[in-house]
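An overview of the molecular structure
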Amino acid sequence: MEAYWKEDIGSLSLNEICRRSGVSKPGLYREFSNEDGLMKAVLIRYQEQVLNPVQQMLNSETSFRETLDSLVSFATSASCHHETPMGCLFIKMRESRTHLGEATRAQVDFLEEQGLAAFRKWVERSKVKGEFSADMSPEFAATYIDAQISYASSQLTRGEDPEIVKKILSVAFSMLG
């Protein structure tokens, strides 16, 4: 997971993954069938470790503003530990679709739909509570939030200063409520 997260997905060979992990290529194929199976498994593990806590954050009963602030903090600093790569592996894979196999692309599509649905439901609940004041549909707001988080992740992956990225994201989200 870390290798795919840190490096260009299209240039990381299966041989290199086997070398780093100390696993034989036949062993990898027995476990995952092929590289597509490995990448899908990596994405599922990432979902369990990183994306599910974001879903829980969006489903909490905290105010829209508190959740938004937590989302900004998560997006700009949750993966800023020295041992963890910058940015978001899911967004990196989504941006590298041409290098993904069919099963991994299907998993990316599923996670993208799941994320947009979570953002939409969060916005809908916040509108009902009067905490979301922007004049936009929940569907558009979900797409807007996703786009801002994706751009922030790309900035972090390129090595931009996390504090600057956090400020940009905060400004982008200031119009929401």
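Our subject is the structure that appears above.
Residues numbered from 1 in each chain as written. Predicted model: local features only at pLDDT ≥ 70, side-chain atom pairs only at ≥ 80, totals over all residues. Heavy atoms only, no water.

**Side note on the pattern of salt bridges**
Counted under the stated rule, the structure contains 10 salt bridges. A salt bridge links Lys-129 to Glu-131; the shortest N-O distance between them is 3.8 Å. When its relative accessible area of 40% is taken as the criterion, Lys-129 is described as partly exposed. Note that Glu-160 is salt-bridged to Arg-158, the shortest N-O span being 3.9 Å. (Salt bridge = Lys/Arg side-chain N within 4 Å of Asp/Glu carboxyl O. Buried < 20%, exposed > 50% of the residue type's maximum accessible area, 1.4 Å probe, protein only.)

**Describing the packing of helix H4 (residues 35-59) against helix H5 (residues 64-77)**
Axis separation between H4 and H5 bottoms out at 10 Å; the angle between their running directions is 165 degrees. Considering their axes alone, H4 and H5 lie roughly antiparallel with respect to each other. Here the hand of the crossing between H4 and H5 comes out left-handed. Contacts from Val-50, Val-54, Met-57 and Leu-58 of H4 reach H5 at Thr-67, Ser-70, Leu-71 and Phe-74. The class makeup of the residues in the contact of H4 with H5 is 6 nonpolar, 2 polar and no charged. (Axes fitted to C-alpha atoms, helices over the stretch in contact; angles between N-to-C directions. Helix = DSSP H or I, 4+ residues; strand = E, 2+ residues; numbered from the N terminus. Parallel < 35°, antiparallel > 145°, perpendicular 65-115°, else oblique. Left-handed = near helix turned anticlockwise from the far one by under 90°. Contact = heavy atoms within 4.5 Å. Nonpolar A, V, L, I, M, F, W, Y, C, P; charged D, E, K, R; others polar.)

**Digging into unusual backbone geometry**
Here the phi dihedral of Ser-33 falls at roughly 75 degrees; this positive angle occurs in a residue that is not glycine. Within the secondary structure layout, Ser-33 lies in the loop between helix H3 (25-32) and H4.

**Let's talk about helix H2 (residues 14-21)**
For H2, every residue scored as buried is listed here: Leu-14, Ile-17 and Cys-18. Looking down the long axis of H2, one finds its buried residues gathered within 100 degrees of arc, a one-sided arrangement. Where H2 is buried, its residues contact helix H1 (2-6), H3 and H4. (Arc of directions from axis to C-beta.)

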